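Geometric and topological summary
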Amino acid sequence: MNWRRLRTFWLTVLVLCLIPATRYYQIDEPLLRYLKGTREVDPLSLHLLGEFVENNLGTEQNADGSVTVRMIAQQYLFVPHCILVPAGVPVHLRITSADAVHALAFSGTEYNVKVLPGTISATRLEFSQPGEYKTVCREFCGAGHYAMRSELKVVPREQFPVLRAGGRGNCAVQ
Ligand code: CUA
């Protein structure tokens, strides 16, 4: 028996087993969710149908003065890249992931929204002061995680553009 070979063999097996163990959120978690069948949205067809098609993303003005923001998190960016909201009104955020688990955070605030593929994270935010906030991903999501950055612009209420019916706002329409 060649002990050296045997040792190398078992070390290799151990390392191969450890790799998926460090990828729980990317492999096991979506797999479990899929097997349980609790998907609210299909991460593979986000761009094609449903709430998260491209022209429905961004900021929508609601009749009661609040806004709804729809976003997609994907490796390694947030879509739209820059979000525009009015200050001092409720912001209903709806976000889903196209791939891995991400976490959307606005630096300088306590908001930190976990985003999982197959589910919609819905939460209510409010920004009282106008300003620019860096939007960062706070959940390790792969090689480009540290570059996953975007922006949130909070403008005074009267400066927020009047959106047409069905229109969506982002920094480009300001
Ligand atoms: Cu997305 Cu880290």
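Residues numbered from 1 in each chain as written. Predicted model: local features only at pLDDT ≥ 70, side-chain atom pairs only at ≥ 80, totals over all residues. Heavy atoms only, no water.

This paragraph deals with a nonpolar patch on the surface. Judged by side-chain polarity, Leu11, Leu14 and Leu18 come together as a nonpolar surface patch covering roughly 290 Å² of accessible area. Structurally, the position occupied by leucine 14 is in helix α1 (residues 3-21). (Patch = residues over 30% accessible without salt bridge, like charges linked within 9 Å, V, L, I, M, F, W, Y side chains within 5 Å. Areas by Shrake-Rupley, 256 points an atom, 1.4 Å probe, with all protein chains shown as cover. Salt bridge = Lys/Arg side-chain N within 4 Å of Asp/Glu carboxyl O. Helix = DSSP H or I, 4+ residues; strand = E, 2+ residues; numbered from the N terminus.)

Bringing the sheet that holds strand β10 (residues 149-155) into the picture now. Adjacent strands of a sheet form backbone hydrogen bonds with each other and so pair up, either parallel or antiparallel. The mixed open sheet is built from five strands, whose spatial order is β4-β10-β9-β6-β7. A single partner strand is all that each edge strand has here, and the edge strands are β4 (82-86) and β7 (112-115). Ignoring which end each strand starts from, the neighbouring axes of this sheet average 20° apart. By the bridge criterion, five bridges tie β4 to β10 in an arrangement that is parallel. Following the sheet pairing, leucine 84 is matched in β10 by lysine 153. (Pairing = 2+ DSSP bridges. Axes fitted to C-alpha atoms, helices over the stretch in contact; angles between N-to-C directions.)

Further remarks concern the pattern of salt bridges. Inspection of every chain in the model, using the stated rule, returns six salt bridges. Of the charged contacts in the structure, one is a salt bridge between glutamate 51 and arginine 94, with a shortest N-O distance of 2.5 Å. Residue glutamate 51 is located in the loop between α2 (28-36) and β1 (58-61), and its partner arginine 94 is located in strand β5 (residues 90-97); the two are separated by 43 residues in the primary sequence. Judged by its relative accessible area of 22%, glutamate 51 falls in the partly exposed class. Since its relative accessible area comes to 25%, arginine 94 is described here as partly exposed. Each of Glu51, Glu60, Arg70, Arg94 and Arg168 takes part in a single network of salt bridges with overlapping partners. (Buried < 20%, exposed > 50% of the residue type's maximum accessible area, 1.4 Å probe, protein only.)

What follows deals with the environment of glutamate 158. Along the chain, glutamate 158 falls in the segment after β10. Overall, the relative accessible area of 68% leaves glutamate 158 in the exposed class. Sequence spacing of glutamate 158 and proline 86 is 72 residues, and the spatial spacing of their C-alpha atoms is 8.0 Å.

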